[in-house]
Amino acid sequence: MLKMTGLSKVYRTEVVETYALRELTLEVQEGEFVAVMGPSGSGKTTFLTIAGLLEELSAGEYWLDGVDTRGLTDRQRSRLRNEKIGFVFQSFNLISDLTVHENIDVPLRYRGLPASERRRRIDAVLERVGLTSRARHYASEMSGGQQQRVAIARALVGEPRLLLADEPTGNLDTQMARGVMELLEDIHLRGATIVMVTHDPALAARAQRQVYISDGQIMALGMPPHLVDGGHASQLATQPSEPV
Amino acid sequence: MFGYYFNLALRSLRRNIILTVLMIAAIGIGIGASMTMLTVFRAASGDPIPQKSAQLFVPQIDNFGPQSGMPAQYADLLTPDLTYIDAIGFLRSQAATRQAAMYPTLLAITPTDPAHSPMQVDARATSGDFFPMFDVPFKFGGPWTRTEDDGHASVVVLTRKLNNLLFGGSNSVGQQLTVGGKPYRIIGVLDEWHPAPRFYDVGAQTFSGEDQLFLPFTRAIDEQMSTSSSFNCSGATGPGWEGMLHSNCIWIRFWVELSTARDVASYNTFLHNYAAEQQQTGRFHWPPHVALRNVTQWLSYNHVVPAAVDTLTSVSFALLLVCVVNAIGLMLAKFMAGTGAVSVRRALGATREAVFAQFMVEAGVVGLVGGLVGVGLTKLGLVSCRAVLDEDLSVLTRFHGSDVLIALAVALVATLLAGLYPTWRAMQVQPASQLKAQ
Amino acid sequence: MELGPILSSLRRNKVGATLIALQIALTLAVLSNALFIVAQQTAMSRAPTGIADESSVFFISNQWIGGDEDLAARAQADLANLRALPQVADVSLSPAQPLGGRGMGMDITLHPEKRRSGVLTALYPVDDHAVNTLGLRLIAGRNFRPEEILISHGFSENYPTWGSVVVTREVARALDPSGNVLGRTATFSPGKVTATIVGVVDQLASGRFGGDSAGAERGVLAPLLWAGVNGYYVVRAKPGQVEAAMTAARNELYKTSRQRTIASVQTLADARLEFYRGARGEALLMSLICAILLGVTAFGIIGLTSYWVSQRRRHIGIRRALGATAGSILRYFQTENLLIAGAGSVLGVGLGIAANLWLLRSVAMERLPPVYLIVGTIVVLILGQISVLWPALRAAGVPPAIAARSA
């Protein structure tokens, strides 16, 4: 589904160059649920923005669902994001002056689907996240958990092959977090590939596989970082392993 | 997608109402001021006889010679009018399809009812060709012909307005009218005819001036009716009316109709030969210097658009420019306040083109609403122009249906141009910026 | 004042600052030229005619019907009848009206042998009552004597000489820089008519002749009783009786003869209003556009500065928390605006001069005196300070506590 080889991301300013990712290599199979872990500033979020085609990489290769993403135009990248990827952000990122229904409608609009098809899909996905009755509400009128369920509905409505989640429960209390997590697991069971960035080991444990990032590199697969040396891990990362 | 963007634009404009009102006000005011003056300017510089303006010409000939002190506005030092001698020479030549000599004069009309005082009207002494040449519409009767011209006939054509005043609008053809104390027969009554600018006689009252009565040039000369417009002489004048007619005084305007390019060329040759002949006979002491100008060229040669209209139009467009710069700033502020949503939309698959379209639609809505406000302000502006501008120019302050479309189009184009930079900035918003913001 | 942080913040808000500066510049460019035009037009519409008490002088536009009779005799009868009216102080007759539609232009020179030495003047063929009727101030020499008045049927008599002539000071100076022209022989063209200059009056404006106002103060009085078909009776009413005199004069003329039309009876004060209506209108519209321009610029500054303030609320809060006073925040925004407006003004002065040069070329405009640029600059700088006040006060009102809250 997702294959990164020797991937680097450099942020340049006039005075300094900062490596957010350094020679990162990782492969995620179709239908996997992978948790990406690591401390703050390790490059997790940058990894996710590259994986989600939100940013361009500086060096290396990134194949998404059999497509080489290097050299794609903005239009092609936008289209891939729209059709293959669903995003769930820590801060929900709902558009505040749109209703729940309209927020979920956004990716469908950019896909250019007819009104009846959009309505059908939105109703279905709202039912799935249990928010059918709140379709006409604005995001600001809802709780954090509900907002995140709307965000997940928005990510799912386009039926993406890959769901990218960035600390999806980071802004939620325990009970709401559990609900969101159950929803993600349900989505996974229905066949979607999920890559979730988190620093919460309990959450990560519910994924099939855990990947650790530190200093912009993959440190280990399914094991705590202190047990593995860096160079080895990169090689191992190219080989998918069974979930723990 | 347009409907979607339109809907988004309306929401967005409702969100920050103060910025929205300021933007719309800026565009509206800019459009209002510039369209007010543009309407006047267009009316002043319009083609008064579009179907024929390329076939009607004023022949000019240098009567005063290269040493004359003509006003600087006539850059080629040609005299704008003809002498009586040359007008008669041109008329006799019959070198054009149609030709008319003309001059304005003030005439006294004595009403049949002795209780009423005589009234003064603006009249025009001209040739019968005047009417078919300028497509002048008739309500009753018709123009006089060359027969009446040659016979120095005592006939007159009235305008509809004068006919309404004197005869209550009834068909007065065949009736008698006392003009300058002498009897004339009414041969025709015009329908409404108000070419603006009054191309055939520019100068005083170029826009609002109206002739009320027309009579044959030959008759007017016999009656010694003097011109009420400019009369310029060079050299000594002879005694009496006859002396004046044969002096080097310019006061007669001449128009010819030339339908084809060949006619124009042959008339040019005629003019040149005529001037050469005058040099040979010793009347002119200078080589031929002639010109043949069509309506458009004639209006521009005479600087028909008043300097005040010119200046005010420039200034009002400078105001529009300031308003557009203003709108750029306000739109920038407005669009930049919405970068969060842009970033989310980009992440969800909006292309840069989609962002461009969304914000240009928003700019377009501002432009259209601003344009409508501008149309209202234009009407207000024209009313105030009418109140304060020179009376001659107030006929130029009519607002036509096409002006509404022009105002809206200018508003739309100006606002879309103003929206380009803010939209470009919105397009540069990275899809990742929301993730990074955490 | 802390210029460093302001400059670095301006660098970050380059575009917004540039837009404000650009608006200031355009406003200044338009304002300075418009003020100049307004001043010129206003001065022109108030220019004196040399005629005393304009509201007591009126003109009756008369046209004779039946031109074959002796128009001179009819005119003399009219003049005598009008002078006999109790409301009337004095009456004269002329084919031209100052500040009117009709006028006559003639060249005058003291050196007819020299080519192009003529000075264009506005000719008033009048009788010996004109100086008194118009209330012209005779500064040298004398008025016409009654016996000097000739009769003119539209200049067709070809008098070789008019005998005497009275010129204005302006014409005298144009003829001879010393202005000492009394007793000298002037030649008029066309026609090469000669006349001895017997008097000089202070001032007499022209009408509009040949579409040219070059002869604005170059009036010349010729001793000719006008016996043309069209003419103006010039009447001076006794003080406070102008209305009554206008009615009485019209009635008197119709009583004398109905073989005439009277197209208008108008005081010189009204003629002035009509004559300069366009100039006043232009000045008024120009002022209106300037007022709108200033308003638009002010709102632009308010809009953009408010946006900056809302963007920088947190930074302002942090500054306040770190000890900045409300006054220093206020001064920060004021100084920032002064810098932007100052930069805009420099550009605006350049644009203003460029606009003036362009106007010089396209319409009859004079070179812009620097005082208008200075006044314009002061106005836009003050405008900037006034406009920035409201958003700056809002910024100064940001509570320091905002720094403690999350973004």
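Our structure is the block above this text.
Thresholds, definitions, all that
Residues numbered from 1 in each chain as written. Chains lettered and ligands numbered in written order. Predicted model: local features only at pLDDT ≥ 70, side-chain atom pairs only at ≥ 80, totals over all residues. Helix = DSSP H or I, 4+ residues; strand = E, 2+ residues; numbered from the N terminus. Buried ≥ 20, exposed ≤ 12 C-beta atoms within 10 Å, placed from the backbone. Contact = placed C-beta atoms within 7 Å. Nonpolar A, V, L, I, M, F, W, Y, C, P; charged D, E, K, R; others polar. Axes fitted to C-alpha atoms, helices over the stretch in contact; angles between N-to-C directions. Parallel < 35°, antiparallel > 145°, perpendicular 65-115°, else oblique. Left-handed = near helix turned anticlockwise from the far one by under 90°. Arc of directions from axis to C-beta. Core = buried A, V, L, I, M, F, W, Y, C linked by C-beta atoms within 7 Å. Pairing = 2+ DSSP bridges.

Caption draft 1: A look at the overall build of chain A. A count of helical and extended segments in chain A gives 8 helices and 10 strands. Every one of the 244 residues in chain A was classed for burial, and the buried ones make up 47%. Contacts in chain A between residues at least 24 apart in sequence constitute 68% of all its contacts with a sequence separation of at least 6.

Caption draft 2: Main features of the interface of chain A and chain B. Each side of the interface is counted separately: chain A has 23 residues, and chain B has 20 residues. Looking at the side of chain A that touches chain B, the elements that each hand over two or more residues are α1 (44-51), α2 (74-84) and α3 (100-111) of chain A. If one sorts the elements of the side of chain A that touches chain B by residue count, α2 of chain A sits on top with 6 residues. In terms of residue class, the side of chain A that touches chain B is built from 8 nonpolar, 7 polar and 8 charged.

Caption draft 3: Highlighting the interface of chain C and chain B. On the side of chain B, 57 residues touch chain C, which itself brings 58 residues to the contact. For the side of chain C that touches chain B, the secondary-structure elements that each account for two or more residues are α2 (14-45), β12 (260-267), α8 (277-311) and α10 (326-362) of chain C. Broken down by element, the residue count for the side of chain C that touches chain B peaks at 18 residues, all from α8 of chain C. Across the side of chain C that touches chain B, the residue classes break down as 27 nonpolar, 21 polar and 10 charged.

Caption draft 4: View of the packing of helix α2 (residues 17-44) of chain B against α8 of chain C. Orientation of α2 of chain B relative to α8 of chain C, taken along the N-to-C sense of each, is 155°, at an axis distance of 11 Å. Taken together, the axes of α2 of chain B and α8 of chain C are roughly antiparallel relative to one another. Relative to α8 of chain C, the crossing made by α2 of chain B is left-handed. Here α2 of chain B contributes Leu 19, Leu 22, Ala 26, Ile 29 and Ala 33 of chain B to the contact with α8 of chain C, which in turn contributes Ile 289, Ile 292, Val 296, Phe 299 and Gly 303 of chain C. Of the residues contributing to the contact of α2 of chain B with α8 of chain C, the split by class is 9 nonpolar, 1 polar and no charged.

Caption draft 5: Representation of helix α6 (residues 160-167) of chain B within the structure. Residues and elements named next belong to chain B. What α6 keeps buried is the set Leu 162, Asn 163 and Leu 166. Buried residues of α6 fall within an arc of 100° about the axis and therefore sit on the same side. Residues of α6 that are buried make contact with β4 (119-126), β6 (155-158), β8 (182-190) and β9 (213-216). Two residues or fewer past α6, Gly 168 is found with a positive phi of approximately 60°.

Caption draft 6: Spotlight on the nonpolar core. Core analysis: the largest hydrophobic core is formed by 321 residues, its most contacted members being Val 156 and Leu 319 of chain B together with Val 165 and Val 235 of chain C. Contact partners of Leu 319 of chain B, with chain neighbours within four places excluded, come to Gly 30, Ala 33 and Ser 34 of chain B together with Val 30, Ile 289, Ile 292 and Leu 293 of chain C.

Caption draft 7: Looking closely at the packing of α3 of chain A against helix α5 (residues 144-156) of chain A. All names here are of chain A. With their axes 8 Å apart at the nearest point, α3 and α5 run at an angle of 30° to one another. By the angle between their directions, the pair α3 and α5 is classed as roughly parallel. Note on packing geometry: the crossing formed by α3 with α5 is right-handed. Within the contact between the two elements, α3 uses Val 100, Asn 103, Ile 104, Val 106 and Pro 107 and α5 uses Val 150, Ala 153 and Arg 154.

Caption draft 8: Geometry of the sheet that holds strand β11 (residues 230-237) of chain C. Residues and elements named next belong to chain C. In spatial order, the strands read β2-β11-β1-β12; together these 4 strands make up an open sheet with antiparallel pairing. The open sheet has two edge strands, β2 (88-94) and β12, and neither has a second partner. Each adjacent strand pair in this sheet contributes to an overall mean axis angle of 20°, direction not counted. Bridge count between strand β1 (residues 57-64) and β11: 7 bridges; the pairing is antiparallel.

Caption draft 9: Main features of the sheet that holds strand β5 (residues 67-68) of chain A. All names here are of chain A. Across the sheet, which stays open at both edges, the 4 strands sit in the order β2-β1-β4-β5 with antiparallel pairing between neighbours. Edge positions in the sheet fall to β2 (17-28) and β5, since each has one partner strand and no second. Two elements, strand β1 (residues 2-12) and β2, share 8 bridges in a ladder whose sense is antiparallel. What sits directly across from Lys 9, in β2, is Leu 21. With respect to the sheet, α1 is in contact with β1, β2 and β4 (59-64), its orientation differing from that of β2 by roughly 60°.

Caption draft 10: Structural view of the environment of Ile 104 of chain A. Residue and element names in this part refer to chain A. Within the secondary structure, Ile 104 sits in helix α3. Residue Ile 104 is classed as buried on the basis of its C-beta count, with 29 C-beta atoms lying within 10 Å. With 50 residues separating them along the chain, Ile 104 and Arg 154 place their C-alpha atoms 4.3 Å apart. Once you skip the residues sitting within four places of it in the chain, Ile 104 turns out to touch Ile 122, Val 125, Leu 126, Val 150, Ala 153, Arg 154 and Val 157.

Caption draft 11: Spatial organisation of the pairing of strand β7 (residues 161-168) of chain C. Residue and element names in this part refer to chain C. β7 sits mainly inside the fold: 6 of its 8 residues count as buried. Examined bridge by bridge, β7 and strand β9 (residues 193-201) share 7 bridges and lie parallel to one another. Of the residues in β9, the one forming a bridge with Val 165 is Ile 197.

Caption draft 12: A look at the pairing of strand β3 (residues 98-110) of chain B. Residues and elements named next belong to chain B. Of all 13 residues making up β3, 13 are buried, and the element is well covered by its neighbours. Residue alternation in β3 divides its side chains into two sets, Arg 98, Ala 100, Met 102, Pro 104, Leu 106, Ala 108 and Thr 110 and Gln 99, Ala 101, Tyr 103, Thr 105, Leu 107 and Ile 109, and both sets are buried. Note that β3 and strand β11 (residues 249-257) share 5 bridges and pair antiparallel. By the bridge assignment, Ala 101 is partnered in β11 with Phe 254. Where β3 and β4 come together, 8 bridges link them in antiparallel fashion. Of the residues in β4, the one forming a bridge with Leu 106 is Asp 122. Note that β3 and strand β7 (residues 176-179) share 2 bridges and pair antiparallel. Along β7, the bridge assignment pairs Ile 109 with Val 179.

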